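# Architecture at a glance
Chain residues, written in single-letter form:
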Amino acid sequence: MTVMTKPSTADGRAVVAAPSLSPAAQLAKPALLSVEQANAMDVARMTDLFKAHLNPGQLHFMKLLGFHKVKIERAEGMFYTDQNGRRILDFFGGFGSLALGHNHPRILAARKKFQEENRHEIAIAFMSQYAAALAHNLAQISPGDLDMVFLGSSGSEAMEAAIKLGERAAGPKRPKIVYAENSFHGKTRGVLSVTDGQLYRGEFKLIDNTLRIPFGDIEAVENAFRSDPQIGVIVLETIQGGGGIIQAPDGYWQKLRALCDQYGVLWIADEVQCGVGRSGRFYAFEHFGVVPDITAVAKSLGGGKSAMAAMIARHDVYMKAYGTPKTAMIHAAATFGGIGEASITAIETLNVLYDEGLIDNAAVTGDYLLLRLRQLQAKYPKIIKDVRGQGFMVGLEFHDFSQTLPMVLRPVVGVLDDKLKGSLSGFVGALLLRDYDVLVAFTEYNRNVIRLLPPLICQREHVDQFADALDSLLSRGIVAIVKDFVKSQMK
Ligand SMILES: Cc1ncc(COP(=O)(O)O)c(C=O)c1O
């Protein structure tokens, strides 16, 4: 490798060299890998690079689950294909970002056409027809006067925009934000302040104008609003994802809307995970006939191929915050907000969702998934504690087995990571992948819950494949499952 020393004057100041006009003075190319080399990389090399440059600590968890042995070579529809040609059924669904499944042909075609026509990407200097069309589509889909759109690249970014908009629209006299226990709204600093995970919050200095209340407890909302006139905003996931697929009790959202109206508090509905059709309606709040003041979607909006997120606000609320030339640029889109290919991908995604009836499918086939799981709960009442959710956002909670495991086995479990000790979900997830080629997700806060967020293209046959696999695994009994898992860790 060429080592360059920076020339300096006698007093130590750097000398700025005049640019050389010689074509020979080319910067030496670092040892970069090519796309072909990335494609051809084997698991051992991937592991080395992941450890060296991405996240060594995360490898620990991948090893616990056996995920570190897999290299994905292809992904189509409901399935991944690994380096050995094994097809893995995807009930993890990229934490809810794969409504259309992997590499939906219409999404691929739209993107290919966009590239072949040399369309423009960055939407800063000129208006973008793609961002404008996407905003139009989102306004068409959204109920009420939710029609002002901010485009970003991640759920966190859309939620940051939502919270800042709420704060400005509520005004300086009402700066307080209410959020819920077990909430997850992202990890950037603003939304981390309303994300309820000690692990994530750690020692960071967060915004302190917040108030945490239990989720789904309308009296707690009323007490907060009544006792603190500084509250201007309440932010809630319509179905809590990271909390373990938690739904609010009947009547909650209607009462929340009424309380927000009564006390003049703005309601932000975080639909990053439960939105874009996952619950069986485009927005989960639509099940309750109410409209929030601000909402946000991301994940599946990108069609499984692009990073796209949107905040959608009621017209008046938006105009109050950013409606004049003087205020318009306070939180306008960032560099990649509404960029071309991501926008057309999202436009096509929304069209596919309706053309293929995928939201209806989430409702109907989601009910079938719940039915199959409830049958398994009836068959294995000592293992499965609860089955809950809506559409294709389903949680399966296991009993904490650390107390029920035979005494002789308890020391064996002691070799495991703390997080896994009382929790069957890691064991079940690992063995579903190893023995049945099925991938499931876990939840941030409740290690006893398996989270199922399959693509909305999921059919009954896929539900059957998943439920039959789970049935077969659970029929081995807890002791065998635990022993088998622990044995695989010893290898
Ligand atoms: C409800 C909810 N809000 C916000 C986020 C943050 O989204 P992102 O990871 O795209 O920043 C997530 C991510 O899982 C989420 O589930």
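The model shown is predicted, which means the values in this text are computed figures rather than measured ones.

Quick notes on the rules
Residues numbered from 1 in each chain as written. Predicted model: local features only at pLDDT ≥ 70, side-chain atom pairs only at ≥ 80, totals over all residues. Pairing = 2+ DSSP bridges. Helix = DSSP H or I, 4+ residues; strand = E, 2+ residues; numbered from the N terminus. Expected span 1.5 Å × (residues − 1). Buried ≥ 20, exposed ≤ 12 C-beta atoms within 10 Å, placed from the backbone. Arc of directions from axis to C-beta. Contact = placed C-beta atoms within 7 Å. Domains from an automatic or database assignment. Nonpolar A, V, L, I, M, F, W, Y, C, P; charged D, E, K, R; others polar. Near = placed C-beta within 6 Å.

### Some details on the sheet that holds strand 3 (residues 87-90)
Here we have 4 strands laid out as an open sheet, ordered 1-2-3-15, and mixed in their pairing. The outermost strands of the open sheet, each flanked by one partner alone, are strand 1 (72-76) and strand 15 (438-439). Sheet topology places strand 3 next to strand 15; 2 bridges connect them, and they run parallel. Within the sheet, the bridge partner assigned to D90 lies in strand 15 and is L439.

### Here's the deal with helix 6 (residues 129-141)
Its 13 residues give helix 6 an end-to-end C-alpha distance of 18 Å, which sits within 8% of 18 Å, the value for a rise of 1.5 Å per residue. When helix 6 is considered as a whole, its buried residues turn out to be Y130, A131, L134, A135 and L138. Buried residues along helix 6 cover an arc of 130° about the axis, so they all sit on one side. Those residues of helix 6 that are buried lie in contact with strand 4 (146-152), strand 12 (309-314) and helix 13 (340-355).

### Regarding the domain arrangement of the chain
If you check the domain split of the chain, you get domain 1 (68-90 + 358-490) and domain 2 (105-355). Each partner contributes residues to the interface: domain 1 has 21 residues there, and domain 2 has 17 residues. Examining the composition of the side of domain 1 that touches domain 2, we find that 5 residues originate from one element, helix 14 (residues 358-379), more than from any other. Of the residues in the side of domain 1 that touches domain 2, the class split is 10 nonpolar, 7 polar and 4 charged.

### Regarding the pairing of strand 1
Bridge analysis of strand 1 against strand 2 (residues 79-82) gives 4 bridges, and the strand direction is antiparallel. Considered in strand 2, the bridge of R74 is made with T81.

### Topic: unusual backbone geometry
Excluding glycine, residues mostly have negative phi values, and the peptide bonds linking residues are mostly trans. Non-glycine residue F95 carries a positive phi angle of around 50°. With respect to the helices and strands, the residue F95 is situated in helix 4 (residues 93-96). The exposure class assigned to F95 is partly exposed, which follows from the 16 C-beta atoms found within 10 Å.

### Considerations on the site of the ligand
Inspection of the region around the ligand gives 15 residues, with G155, S156, G186, V272 and Q273 positioned closest. Broken down by element, the shell around the ligand gets its largest block of residues, 3 residues, from helix 7 (residues 155-170). Looking at side-chain class alone, the shell around the ligand contains 5 nonpolar, 8 polar and 2 charged residues.

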